[in-house]
Amino acid sequence: GVSDPTASGAGDGGRRDLALLPKAHLHLHLEGSMRPTTLRSLCERNGLEAPQIRGFGSFAAFAETYVAACSVLRAPGDLGRLIDEVVADAATDGCRWIEPAFYPAHHEERLGPQRDVWEMAVEFGESASRRHGVGVGWIAGLDRTREPEFADGVLDVVLDLLGEGAPIVGLGLHNDEAWHPPEPFERQFARAAEGGLLRVPHAGELEGPESVRGALEVLGAQRIQHGVRAVEDESLLAELAGRGELLDVSPTSNVMLGVVERLEDHPLPQLMAAGVRCSLNADDPLLFGPGILEEYELARSELGLDDHALAALARNSFAGSAAPDHLVASAQLGIEQWLERA
């Protein structure tokens, strides 16, 4: 049988330095990863009132704050600064690879057409990757609250750039799940699959197991961003465990948006014990607080995961990523070496 990954191992009480554990960060939104100091400085420079961050009370209030954070990017250099800092922060937290989600439609008014904004992001990402030694593969977002026809235009640009060698690795489906199920986007995800993109929609956050099933069965999801409400359906849990799709779990985000009441009640240990593959992620550090390193620390201190369970999360993050094979192999070796430290 499968051993319980949350069971205590090595009796070390989790003393290893989590900053040294190699990680891939698979569920983070670019603008939601802005440093609070950068948000303030861009607001001051552009004469804008800084949006109120944290303590949202609802997904709608969160989404409004997210769009406000996007609006502080007024020039290409602002986008460049954001991307460089996100990659630098990832390096500090022990990441070797990140897959930031990006939706250039938020920036058309200020930075230009989506294709131009994508080209800027890709260029800034490549230079930040070289500077900080962290691989960057982009997730293109679709907005589930807009009509699927609009998503076609977004995807046209992405597939075009992909054909020219841009490191866009996946297609996501973002925004409020309530009243916006995955099924209407079947055609776009089929096109993404043909183009060689990973299918990584959000599901099972604000809606329950039926949203996860729709993402798996209709969109062909290979990873699900969140997916935690699969715990409400035992047959779905067993199916996820059997199929091996990865859930990109973000515990603090779930608490901040009321998906889970308290961090210590988060279902991550339950998902792992059921044999469901999970990765650990920060989602939107600007809005929720912790970066990925702190999420690992909280998983240890608040969720009781030992170092073997934390290493399993890190292993899954690389195995489920679009990182090149050589990077995955070297990271997996680094994870084993981390575990061997007394």
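Structure first, text after, so check above.
Residues numbered from 1 in each chain as written. Predicted model: local features only at pLDDT ≥ 70, side-chain atom pairs only at ≥ 80, totals over all residues. Heavy atoms only, no water.

Asks: When you look at the overall build of the protein chain in this model, what are you seeing that I'm missing?
Replies: Along the backbone of the protein chain there are 15 helices and 10 strands. Relative to its length of 342 residues, the protein chain is compact, with a C-alpha radius of gyration of 19 Å against a globular reference of 20 Å. Across its three principal axes, the protein chain shows a C-alpha extent of roughly 55 × 40 × 40 Å. Per-residue burial over the protein chain gives 58% buried out of 342 residues. Of the contacts made within the protein chain by residues no fewer than 6 positions apart, 76% connect residues no fewer than 24 positions apart. Surface summary for the protein chain: the accessible area is close to 13,400 Å², and the carbon and sulfur share equals 49%. Side chains of the protein chain give 28 positive and 55 negative charges; the mean places of these two sets differ by 5 Å. (Helix = DSSP H or I, 4+ residues; strand = E, 2+ residues; numbered from the N terminus. Rg over C-alpha atoms; globule rule 2.2 N^0.38 Å. Buried < 20%, exposed > 50% of the residue type's maximum accessible area, 1.4 Å probe, protein only. Contact = heavy atoms within 4.5 Å. Areas by Shrake-Rupley, 256 points an atom, 1.4 Å probe, with all protein chains shown as cover. Lys, Arg positive; Asp, Glu negative; His and termini not counted. Charge placed at Lys NZ, Arg CZ, Asp CG, Glu CD.)

Asks: Whenever I open this one, the packing of aromatic side chains confuses me. Can you help?
Replies: Here the distance between the centres and the angle between the planes together describe a pair of aromatic rings. Counted by the stated rule, this structure contains 8 aromatic pairs. Ring centres of Phe-62 and Phe-288 lie 5.3 Å apart, and the angle between their planes is 20°; this geometry places the pair in the stacked category. Here Phe-288 lies in helix α12 (residues 285-288) and Phe-62 lies in helix α2 (residues 59-70), a separation of 226 residues in the sequence. Phe-288 gets classed as buried once you look at its relative accessible area, which sits at 4%. Ring geometry for Phe-102 versus Trp-118: centroids 5.3 Å apart, planes at 85°, classification edge-to-face. Here Phe-102, found in strand β2 (residues 95-102), pairs with Trp-118, found in helix α5 (residues 114-132); they are 16 residues apart in sequence, far enough to count as distant. Here Phe-102 falls in the buried class, since its relative accessible area comes to 1%. Accessibility expressed as a relative area gives 1% for Trp-118, which makes it buried. Three or more aromatic residues joined by ring pairs form one cluster here, namely Phe-56, Phe-59, Phe-62, Tyr-66 and Phe-288. Sitting over the ring of Trp-338, Arg-16 keeps its end group 5.7 Å from the ring centre. (Phe/Tyr/Trp six-rings, centres within 6.5 Å; stacked < 30°, edge-to-face > 60°. Lys NZ or Arg CZ within 6 Å of the ring centre and 35° of its normal.)

Asks: Sorry, what's going on with the nonpolar core here?
Replies: Nonpolar side chains tend toward joint burial in soluble globular proteins. Residues Leu-79, Trp-118 and Trp-138 are the most contacted members of the largest nonpolar core, which totals 102 residues. For Trp-118, the residues in contact, after removing those within four places along its chain, are Phe-102, Pro-104, Trp-138, Ile-139, Ala-140, Val-157, Val-158, Leu-161 and Ile-168. Residues Ala-101, Ile-139, Val-169 and Val-200 belong to the second largest nonpolar core, which totals 5 residues. (Core = buried A, V, L, I, M, F, W, Y, C linked by side-chain atoms within 4.5 Å.)

Asks: Would you explain the side chain of Asn-281 in this entry?
Replies: Topologically, Asn-281 is positioned in the loop between β10 (278-280) and α12. Assessed through its relative accessible area of 0%, Asn-281 is described here as buried. Here the side chain of Asn-281 touches His-27 through a polar contact of 3.1 Å, landing on its backbone nitrogen. Of note is the side chain of Asn-281, whose polar atom sits 3.0 Å from the side chain of Ser-279. Excluding its chain neighbours within four sequence positions, the residues that come into contact with Asn-281 are His-25, Leu-26, His-27, Asp-248, Val-249, Ser-250, Pro-251 and Glu-295. (Polar contact = N/O pair within 3.5 Å; in protein donor to acceptor, adjacent residues only side chain to side chain.)

Asks: Explanation requested: the side chain of His-226 in the structure shown.
Replies: Within the fold, His-226 resides in strand β8 (residues 223-226). Taking relative accessible area as the criterion, His-226 reaches 1% and is therefore assigned buried. A polar atom in the side chain of His-226 sits 3.3 Å from the side chain of Glu-205. Every residue in contact with His-226, bar those within four places of it in the chain, is listed here: His-27, His-202, Ala-203, Gly-204, Glu-205, Leu-247, Asp-248, Val-249, Ser-250, Ser-253, Asn-254 and Asp-283.

Asks: How should I be thinking about α5 in this particular structure?
Replies: Over its 19 residues, α5 runs 26 Å from end to end, which matches the ideal 27 Å to within 8%, given 1.5 Å per residue. Residues of α5 that are buried include every one of Gln-114, Val-117, Trp-118, Met-120, Ala-121, Val-122, Gly-125, Ala-128 and Ser-129, and no others. After α5 finishes, the residue Gly-133 shows a positive phi value of roughly 70°. (Expected span 1.5 Å × (residues − 1).)

Asks: Just checking my understanding: could you explain the pairing of strand β5 (residues 168-174) for this structure?
Replies: Two faces make up the sheet, and in a regular strand the side chains alternate between them. Of all 7 residues making up β5, 7 are buried, and the element is well covered by its neighbours. Summarising the sheet, strand β4 (residues 138-143) and β5 pair through 6 bridges and their orientation is parallel. Bridged to Leu-142 within β5 is Leu-173. What joins β4 to β5 is helix α6 (residues 148-163), and the crossover it makes is right-handed. Bridge analysis of β5 against strand β6 (residues 198-199) gives 2 bridges, and the strand direction is parallel. The partner of Leu-171 across the bridge, within β6, is Arg-199. One crossover worth recording links β5 to the parallel β6 by way of helix α7 (residues 186-194), and it is right-handed. (Pairing = 2+ DSSP bridges. Right-handed = clockwise from strand over helix to strand, strands pointing away.)

Asks: Even after reading the chapter, I still don't get the packing of helix α13 (residues 292-301) against helix α14 (residues 307-319), so can you show me in this structure?
Replies: Relative to each other, α13 and α14 sit at 145°, their axes nearing to 10 Å. In this structure, α13 meets α14 at a crossing whose hand is right-handed. Packed against α13, whose contacting residues are Tyr-296, Ala-299 and Arg-300, the element α14 presents Asp-307, Leu-310, Leu-313 and Ala-314 at the interface. Here the residues of the contact of α13 with α14 sort into 5 nonpolar, no polar and 2 charged. (Axes fitted to C-alpha atoms, helices over the stretch in contact; angles between N-to-C directions. Left-handed = near helix turned anticlockwise from the far one by under 90°. Nonpolar A, V, L, I, M, F, W, Y, C, P; charged D, E, K, R; others polar.)

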